[in-house]
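# Structure at a glance
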Amino acid sequence: MLAWRAVKIPLFDMAAELAQVRLSIDAAIARVLDSGVLIGGPEVAAFERELAAAAGARHAIGTGSGSDALHAIFLALGIARGDEVITTPLTFFATAGGAARLGARVVFADIDDASLTLDPRAALAACTARTRAIVPVHLFGAPAELPAAPCPIVEDAAQSLGGGPVRGAAAAVSFFPTKNLGALGDAGAVLTNDAQLADRLALLRSHGARPKYHHVAIGGNFRLDPLQAAVLRAKLPQLAGWTRTRRRHAETYRALFAAARIPPELRLPAPHPAHVYHQFVIRAPRRDALRSALADAGIGTEIYYPEPLHLQPCFAELGYRAGSLPIAEHACREVLALPIHPALAPDAQAYVVDQIAAFYARA
Ligand SMILES: *Cc1c(COP(=O)(O)O)cnc(C)c1O
């Protein structure tokens, strides 16, 4: 149905975002082609240095994706069959998948209703003698509170680059094209202040080979391509400005909603000074009707995420039921992401809020 409707305000606008940095991207690609170095090499090393500096981390290790970054961290921490990893059910699959692939049992703890991030008290209550890691997700770009636990904290920072320094053992970052810093395809990185962990990750991302063709550990191919590294180097200097624009858009939404006639059942995201607004996610009890009214008005929205992870078919054997984690399940029925990308047209947000107000005026 959506295909033939004119989308006036898309949720993302990759072409417009890329146009802002097109010349430096073209130059970066040309540099890689001219160098002939297509795996590893100076572009990856330079990007890792620049990313670490920008993110306030001692080490950055490029990976093939954010999913690879999470998986590689769990592997580097020695997580294996029989271990338990605690995380939130309201996240992208990779947060849990990277640990489950190693045979670990994923334990889901409920979220905090205001922040939508892992409730640190629920996470601590789920700890057992087998718990090997807790994985808070800085969902939508809002910093999750980290539990004070006696096991490593792995931050899923896929949506929160630029929001603050690494606080746990390591943080996984994603450069999926629509993330706040996007590559031209899949790419990711691990940020850590732990030199030993960084060294282990560098080993594991190239099949545990040291030196080449001498394998001291079983890793995988989790490498970042130099082509993506070069493109990310071209875009990285813009990240701080893009984050400022996202924050300004969030304030504009707050002002527009405050001035509009909107019933209190519609809730805005909890503000936080370190929020980088990867998404601006409202909560609406009549979400599906609202979403379809916005689609009719040419406004792109998305549901992150329609089904919590503890109820996914692949985790059926973990034994969760509808009602096991009620706060997350309720949130899944209400969340709706509105357009907030940096290339948003100046009058777009007023139109979005007008259309939402019109929906409630009709309803
Ligand atoms: C995007 C994302 C990932 C995975 O990153 P990819 O680069 O797509 O593999 C993991 N966790 C969260 C919360 C994400 O948003």
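Residues numbered from 1 in each chain as written. Predicted model: local features only at pLDDT ≥ 70, side-chain atom pairs only at ≥ 80, totals over all residues. Heavy atoms only, no water.

### Re the pattern of salt bridges
Opposite charge on two side chains allows them to pair when their charged atoms are near. Selection criterion: Each salt bridge in this description consists of a side-chain nitrogen of Lys or Arg and a carboxyl oxygen of Asp or Glu lying within 4 Å of one another. Note on conventions: DSSP H or I runs of at least 4 residues are helices, E runs of at least 2 residues are strands, and numbering of each starts at the N terminus. Classification of residues uses two cut-offs on accessible area relative to the type maximum, computed with a 1.4 Å probe and protein chains only: under 20% is buried, over 50% is exposed, and between them is partly exposed.
The tally for this structure, following the rule as stated, stands at 16 salt bridges. Across the pair Arg 22 and Asp 26 runs a salt bridge whose closest N-O atoms are separated by 3.0 Å. Note that Arg 22 and Asp 26 are positioned in helix α2 (residues 22-35) at a spacing of four residues, about one turn of the helix. Note that Asp 288 is salt-bridged to Arg 287, the shortest N-O span being 2.6 Å. A relative accessible area of 51% places Asp 288 in the exposed class. If you follow the salt bridges from partner to partner, you end up with Arg 31, Glu 43, Glu 50 and Arg 233 in one network.

### Some points on the environment of Pro 263
In this fold, Pro 263 is placed in the loop between α9 (239-259) and β8 (280-283). In this structure Pro 263 comes out as partly exposed when scored by relative accessible area, which is 27%. Once the C-alpha coordinates of Pro 263 and Ala 284 are considered, the two residues, 21 residues apart in sequence, prove to be 9.9 Å apart.

### So, helix α12 (residues 348-362)
Inclusion rule: Multiplying 1.5 Å by the residue count of a helix minus one yields the expected span of that helix. We call two residues in contact whenever any of their non-hydrogen atoms come within 4.5 Å of each other.
Compared with an ideal rise of 1.5 Å per residue, which puts 15 residues at 21 Å, α12 spans 21 Å between its outermost C-alpha atoms and is within 8% of the ideal. Tucked into the core, α12 has its buried residues touching α9, β8, α10 (287-296) and β9 (335-338).

### Focus: the site of the ligand
Definition in use: The near set for a molecule or strand comprises every residue that places at least one heavy atom within 4 Å of it. Two N or O atoms count as a polar contact when they lie within 3.5 Å, although within protein this holds only if one can serve as hydrogen donor and the other as acceptor, and sequence-adjacent residues are included solely when both atoms are side-chain atoms. Areas reported as accessible are Shrake-Rupley estimates using a 1.4 Å probe. Residue values count occlusion only from the protein chains shown. Polarity classes work like this: nonpolar for Ala, Val, Leu, Ile, Met, Phe, Trp, Tyr, Cys and Pro, charged for Asp, Glu, Lys and Arg, and polar for all others, with Gly in that last group.
Of all residues adjacent to the ligand, which total 17 residues, the nearest are Gly 66, Ser 67, Asp 156, Ser 174 and Lys 179. Residue Asp 156 places a side-chain N or O atom 2.7 Å away from a nitrogen atom belonging to the ligand. In the model, an oxygen atom of the ligand is placed 2.6 Å from a nitrogen or oxygen of the Ser 174 side chain. Within the complex, 93% of the 380 Å² of free accessible area of the ligand lies under protein. Elements that contribute at least two residues to the shell around the ligand include exactly α4 (66-76) and α5 (94-100). Residue classes in the shell around the ligand are distributed as eight nonpolar, seven polar and two charged.

### Quick look at the state of the cysteines
Heads up, the condition is: Two cysteine sulfur atoms form a disulfide, by the criterion used here, when they sit within 2.5 Å.
In total, this model carries zero disulfides according to the counting rule given. Free of any disulfide, Cys 151 has its nearest cysteine sulfur in Cys 127, 5.1 Å distant.

### Description of the side chain of Thr 87
Inspection of the secondary structure puts Thr 87 in strand β2 (residues 84-87). What makes Thr 87 buried here is its relative accessible area of 1%. At 2.7 Å, the side chain of Thr 87 forms a polar contact with the backbone oxygen of Val 135. Excluding anything up to four places from it in sequence, Thr 87 contacts Thr 95, Ala 96, Val 106, Val 107, Phe 108, Ala 109, Leu 118, Val 135 and Val 137.

### So, unusual backbone geometry
A cis geometry characterises the amide bond from Arg 210 onward to Pro 211, with omega recorded as -10°. With an omega dihedral of 5°, the bond running from Tyr 304 to Tyr 305 counts as a cis peptide bond. Its place among the elements puts Tyr 305 in the loop between α10 and α11 (326-334). Despite not being glycine, Tyr 213 has its phi angle at roughly 70°, a positive value. Here Tyr 213 shows up in the loop between α7 (195-204) and α8 (226-235).

### Concerning the packing of aromatic side chains
Heads up, the rule is: Classification of ring pairs rests on two measures: the distance between centres of Phe, Tyr or Trp rings, Trp counted by its six-membered ring, which must be within 6.5 Å, and the angle between planes, read as stacked under 30 degrees, edge-to-face over 60 and tilted in between.
Evaluation of the coordinates by the stated rule reveals nine aromatic pairs. For the ring pair Phe 108 and Tyr 320, a centre distance of 5.7 Å and an interplane angle of 70° mean the geometry is edge-to-face. Here the residue Phe 108 occupies a position in strand β3 (residues 105-108), and Tyr 320 occupies one in the loop between α10 and α11, the gap between them amounting to 212 residues. Across the pair, exposure class does not vary: Phe 108 and Tyr 320 are buried alike. With centroids separated by 5.0 Å and ring planes inclined at 80°, the aromatic side chains of Phe 359 and Tyr 360 adopt a geometry described as edge-to-face.

Honestly, that's just the spatial picture; any functional story needs more than this.
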